[in-house]
Amino acid sequence: MSENVPGTSGEPDPAAAAGEHRLGQQVERTGMFGTGTTGDTSGYGGLQVRRQDPVATGRPYGSYFDEIADRLTEGLERDGTAFPEAVHRVVVERGELTLHVPREHLVAVARLLRDEPALAFEMCLGVSGVHYPWDTGRELHAVYPLLSITHNRRVRLEVTAPDADPRIPSLVGVYPTCDWHERETWDFFGVVFDGHPALTRIEMPDDWKGHPQRKDYPLGGIPVEYRGATVPPPEDRRAYS
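Residues numbered from 1 in each chain as written. Predicted model: local features only at pLDDT ≥ 70, side-chain atom pairs only at ≥ 80, totals over all residues. Heavy atoms only, no water.

Caption draft 1: Here's a closer look at the environment of threonine 98. Its place among the elements puts threonine 98 in strand β4 (residues 96-100). Expressed as a C-alpha distance, the spacing of threonine 98 and alanine 56, which sit 42 residues apart in the sequence, is 9.8 Å. A polar contact of 2.8 Å, which involves the side chain of threonine 98, links it to the side chain of arginine 156. (Helix = DSSP H or I, 4+ residues; strand = E, 2+ residues; numbered from the N terminus. Polar contact = N/O pair within 3.5 Å; in protein donor to acceptor, adjacent residues only side chain to side chain.)

Caption draft 2: Broad picture of the pairing of strand β6 (residues 128-131). The two faces of β6 differ: Gly129 and His131 on one face are buried, but Ser128 and Val130 on the other face are not. As paired elements, β6 and strand β7 (residues 140-148) share four bridges and run antiparallel to each other. Across the sheet, histidine 131 pairs through a bridge with leucine 140, a residue of β7. (Buried < 20%, exposed > 50% of the residue type's maximum accessible area, 1.4 Å probe, protein only. Pairing = 2+ DSSP bridges.)

Caption draft 3: Unusual backbone geometry, seen in detail. Looking along the chain, the bond that leaves arginine 59 and enters proline 60 is cis, with omega of -5°. With respect to the secondary-structure elements, proline 60 resides in the loop between β2 (48-50) and α2 (65-78). We note that arginine 94 has phi near 55°; this positive angle belongs to a residue other than glycine. On the secondary structure map, arginine 94 appears in the loop between β3 (89-93) and β4. Unlike most non-glycine residues, alanine 120 shows phi in positive territory, near 55°. Its location among the elements puts alanine 120 in the loop between α4 (106-115) and β5 (123-124).

Caption draft 4: Highlighting the packing of α2 against α4. For the pair α2 and α4, interaxial distance at closest approach is 10 Å and the crossing angle is 120°. Taken together, α2 and α4 sit at an angle that is classed as oblique. Once α2 is placed against α4, the crossing between them reads as right-handed. Along its contact with α2, which presents Leu72, Gly75 and Leu76, the element α4 presents Val109, Leu112 and Leu113. Taken together, the residues of the contact of α2 with α4 sort by class into five nonpolar, one polar and no charged. (Axes fitted to C-alpha atoms, helices over the stretch in contact; angles between N-to-C directions. Parallel < 35°, antiparallel > 145°, perpendicular 65-115°, else oblique. Left-handed = near helix turned anticlockwise from the far one by under 90°. Contact = heavy atoms within 4.5 Å. Nonpolar A, V, L, I, M, F, W, Y, C, P; charged D, E, K, R; others polar.)

What follows is the structure in structure tokens.
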């Protein structure tokens, strides 16, 4: 019977190894809500939430995703670039394909996805910004959902940049509709799109200070008194550390 028990035959227990690996990862926040200015009354004050490894999907990807990867690989190799160099991670989640692309390869990958007849992603549907202060070295993310009207297919490109150098090449030269979308992402998140023809604010006033959808943007507010208790303003209640 002992031969069927993990770890008793001299081989490492996969579950124990996975647990040790997880415990060795960086603690992202503590407690249920990560607050440090008020007491944690959730009962989970000792909880430690650790940073997860980046998710990656291996072959086969399923659906038409393998064909996209194959045609993109062929196009990149014609230009002298290996697929793993231009796409460092592929994620398939909830039936959607995301290609994680280093910013220096973004324009080349987008142009291939547009111009290769077997791909023909003619339309970029927008640019979404995300700010993860705890994702050291890649705090700012820009996400581009692409649509092929010819083949009725979708793919998403994701690019990152550090807070210390928040620059990503503009895709206006490949997809002109990115013009206003990149301006909005700059306005709200502070991502600088190099090569954009007129990177100015589009939602906030021109003299606005800061980028209001970043997670380190001050919330302000005033304390509220209610039946003898004081509720701190939002700025004192939020924490991401």
